[in-house]
Every structure is written in structure tokens, then in C-alpha cells.
Amino acid sequence: MPLSHDPATFQKKLAALPVMKCQAGDEVLIAGSKTGKLFFLKSGAVEVTKDGVQIAQVSTPGAVFGELAALLDQPHTADVRALEQAEFLVADAPTLLAIDPAVALYVAAILARRLDNANRALLEIKHQLRAGEPRSAIAKKVEKVEGLLMFPLDGYDSFGPTA
């Protein structure tokens, strides 16, 4: 059995979760806070910032927020703010991860994909350094790694395929 999720089945599992609606500008997560919640983007768009610097814009349904804080039992490390009207499916992280292996696998697969993408980008940075490429090119790649660690560019954090 492959270690992947069926988007339709997964979406049905989450459908019973409460929905949180946000308006543009609303803070979804604040760095340093502890919510104990997982937030699955149902619709809309958000930005993720760290230390005042935007590291990602996310509009892919199924993108999950709060997973690192939940798994590590630590405060959130980034701010998430709605860029437009957005909806999230909200779950108590410890409960959902403990009772539903499909959700735990979904989160694990997302984190594994992020790590794999970041490792590939770091390897590219090492090659750039060895080749003596300009600092500006290397800085762009470092920014890409930051984004990859938060949200991959290939749409994997989703309930289904992305265009």
C-alpha cells in the first residue's frame, strides 16, 4: 500500500471539522503563541511571515498550518495572515493526530516533501558556492529554501492536484 493519501477520502475526513472564517488582514496564527490547533486551508489566500519578512503566499486548499508547533509542542514560529477572505478547517492537533493515522500520514508526507525539497535546494547552494556564483544568486536560492521549508512549490500540500 503506497504511503499517499486519497484526496477525496481525506477531504471527507476533515469535512466534519469546525470552519473558521477570516477576512483580509485577519491574523490566523501569531508567532510565539501556542494554539494546539491544525489549520487546513479550505479557501482563500494567506501570507506567512517570519520576523516581518514574507516567506510564502499560500492559496492551495489543504495547506496545513500549525503542524510544526503541534508536533514539537512549541509556540508557532511564523505569523499567518489572511490576504483575502479565507476559510480554515480547524482541529485540535494532539487529538486528531493521535486518533487518525491518515491525518498523521498527511502531515508527515507534507513535512517529508518540504525537507526533501529543501535538501535539494541546499545542494544547489553548495554547488553555487563552489562555482563562485554571485552573492545575489545565492541569496535568491537561500530565500527559496526558506519557502520550501514552509510550503513546497509543487502543490503537494493540497486536497487534490493543483494546476
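Residues numbered from 1 in each chain as written. Predicted model: local features only at pLDDT ≥ 70, side-chain atom pairs only at ≥ 80, totals over all residues. Heavy atoms only, no water.

1. Describing the overall build of the protein chain
Looking only at helices and strands, the protein chain has five helices and eight strands in total. For the protein chain, the proportion of its 163 residues judged to be buried stands at 39%. In the protein chain, the proportion of contacts linking residues at least 24 apart, taken out of those at least 6 apart, comes to 78%. For the protein chain, the exposed surface amounts to about 9200 Å²; the carbon and sulfur share of it is 57%. (Helix = DSSP H or I, 4+ residues; strand = E, 2+ residues; numbered from the N terminus. Buried < 20%, exposed > 50% of the residue type's maximum accessible area, 1.4 Å probe, protein only. Contact = heavy atoms within 4.5 Å. Areas by Shrake-Rupley, 256 points an atom, 1.4 Å probe, with all protein chains shown as cover.)

2. Digging into the packing of aromatic side chains
Across all of its chains, the model carries three aromatic pairs by this definition. The rings of Phe-39, Phe-65 and Phe-88 are connected pair by pair, giving a single aromatic cluster. (Phe/Tyr/Trp six-rings, centres within 6.5 Å; stacked < 30°, edge-to-face > 60°.)

3. Some words on the sheet that holds strand β3 (residues 37-43)
The antiparallel open sheet is built from four strands, whose spatial order is β1-β8-β3-β6. Of all strands in the sheet, those bounded by a partner on one side alone are β1 (19-22) and β6 (64-65). With two bridges joining them, β3 and β6 adopt antiparallel strand pairing. Bridge pairing in β6 places Phe-39 opposite Phe-65. (Pairing = 2+ DSSP bridges.)

4. Side note on the pattern of salt bridges
Inspection of the entire model under this criterion finds five salt bridges. A salt bridge links Arg-114 to Glu-67, with the nearest nitrogen and oxygen atoms 2.4 Å apart. Linking Arg-114 in helix α4 (residues 101-131) with Glu-67 in helix α2 (residues 67-72), this pair joins segments that are 47 residues apart in sequence. Taken as a pair, Arg-114 and Glu-67 share a single burial class, namely buried. Of the charged contacts in the structure, one is a salt bridge between Arg-120 and Asp-116, with a shortest N-O distance of 3.0 Å. (Salt bridge = Lys/Arg side-chain N within 4 Å of Asp/Glu carboxyl O.)

5. Topic: the nonpolar core
Judged by nonpolar contacts, the single largest core of 18 residues is most densely connected at Val-48, Val-58, Phe-65 and Phe-88. If you list the elements that add at least two residues to this core, you get β2 (27-29), β3, β4 (46-50), β5 (53-58), β7 (79-82) and β8 (86-92). (Core = buried A, V, L, I, M, F, W, Y, C linked by side-chain atoms within 4.5 Å.)

6. Regarding the confidence of the model for the protein chain
On average, the protein chain scores 83 in pLDDT, and the residues at 70 or more come to 85%. Note that residues 152-157 has pLDDT below 50 and, in this model, 25 contacts with residues that lie over four places away or in other chains. (pLDDT = per-residue confidence, 0-100.)

7. Quick look at the environment of Gly-44
Relative to the elements of secondary structure, Gly-44 occurs in the loop between β3 and β4. On the accessibility criterion, Gly-44 (15% relative accessible area) is buried. Measuring from C-alpha to C-alpha, the distance between Gly-44 and Thr-60 comes to 8.2 Å, with 16 residues separating the pair along the chain. In contact with Gly-44, other than residues within four places in its own chain, are Val-58, Ser-59, Glu-84, Gln-85 and Ala-86.

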